[in-house]
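Working through the structure, step by step
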Amino acid sequence: LALKNTLVESRDDLIKFVSANYGDPKLPSKVALRRMSLFQSQLQDGMKSSFNMGREYIRQELPKTNAARRISGLTPPGALNYLSQKAVTVTGIVREKILGDIKIVLLNSIANAESLGDTTIKLKSVYTNYIDEAPDVTTNRLQTIIRTNQTDALNRGRLVEMRDPDMALLIE
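All values reported here derive from a predicted model rather than from experimental measurement.

Criteria and cut-off values
Residues numbered from 1 in each chain as written. Predicted model: local features only at pLDDT ≥ 70, side-chain atom pairs only at ≥ 80, totals over all residues. Heavy atoms only, no water. Axes fitted to C-alpha atoms, helices over the stretch in contact; angles between N-to-C directions. Helix = DSSP H or I, 4+ residues; strand = E, 2+ residues; numbered from the N terminus. Parallel < 35°, antiparallel > 145°, perpendicular 65-115°, else oblique. Left-handed = near helix turned anticlockwise from the far one by under 90°. Contact = heavy atoms within 4.5 Å. Nonpolar A, V, L, I, M, F, W, Y, C, P; charged D, E, K, R; others polar. Expected span 1.5 Å × (residues − 1). Salt bridge = Lys/Arg side-chain N within 4 Å of Asp/Glu carboxyl O. Buried < 20%, exposed > 50% of the residue type's maximum accessible area, 1.4 Å probe, protein only. Core = buried A, V, L, I, M, F, W, Y, C linked by side-chain atoms within 4.5 Å.

Considering the packing of helix α3 (residues 36-61) against helix α5 (residues 77-111)
For the pair α3 and α5, the least separation of the axes is 9 Å and the interaxial angle reads 140°. Relative to α5, the element α3 lies oblique. Between α3 and α5 lies a crossing whose hand is right-handed. Along the contact surface, α3 presents Met36, Phe39, Gln40, Leu43, Gln44, Met47, Lys48 and Phe51, while α5 presents Ala79, Leu80, Leu83, Ser84, Lys86, Ala87, Val88, Val90, Thr91, Val94, Arg95 and Ile98. When its residues are assigned to classes, the contact of α3 with α5 shows 13 nonpolar, four polar and three charged.

Considerations on α5
For α5, spanning 35 residues, the distance from its first C-alpha to its last is 50 Å, which sits close to the expected 51 Å at 1.5 Å a residue. A positive phi of about 50° marks Ala113, the residue just after α5.

What about the pattern of salt bridges?
Pairs can form between side chains of opposite charge whenever their charged atoms are close. Following the criterion strictly, the structure yields five salt bridges and no others. Salt-bridge contacts for Lys97 lead to Asp101; the nearest nitrogen and oxygen are separated by 3.2 Å. Placement of both Lys97 and Asp101 in helix α5 is noted, with a separation of four residues, approximately one turn of the helix. Exposure remark for Lys97: the relative accessible area of 40% places this residue in the partly exposed category.

Section: the nonpolar core
Burial of nonpolar side chains together is a common tendency in soluble globular proteins. Core analysis: the largest hydrophobic core is formed by 31 residues, its most contacted members being Ile98, Ile102 and Leu123. Elements with a contribution of two residues or more to this core: α1 (2-21), α3, α5, α6 (116-131) and α7 (137-163). At 10 residues, α5 tops the list of elements feeding residues into this core. The residues touching Leu123, leaving out its near neighbours within four places in the chain, are Leu14, Ile15, Val18, Ile102, Val105 and Leu106.

This is the structure in structure tokens:
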């Protein structure tokens, strides 16, 4: 839900920017997506939660010993670096796809002398591909990217926990 809200806010910011600068022939080159760092941060938080969930799952699967019940609230730095890079990669994919679609809409609006209202509707439809639940290839692709990376983070959490020296006695 947080990711969806961030994309909705980004869309609204873009529409305000286009409305304020409509008629400027350099508009497509001035477009920048705002709130993508927030999107990236929310994605990273979700991946960290999945990572920690994976650690907890593996503890629950092992016998109830002191080592298995041990709770460390800290995510290892190596795992944090890995999750950060994954979030940057995913955000970059999303940003480039949205930005490319937006620039096409803006260039077509200039070439076809479309009204601001028509352009606004088309800009909203670009975001609709990313934030609505309609069966759409772009929506599905975005959801697949997020699910894949959340699952990867979950499994990384399990792996890190299994490699913990305190767990070595429980695993043979």
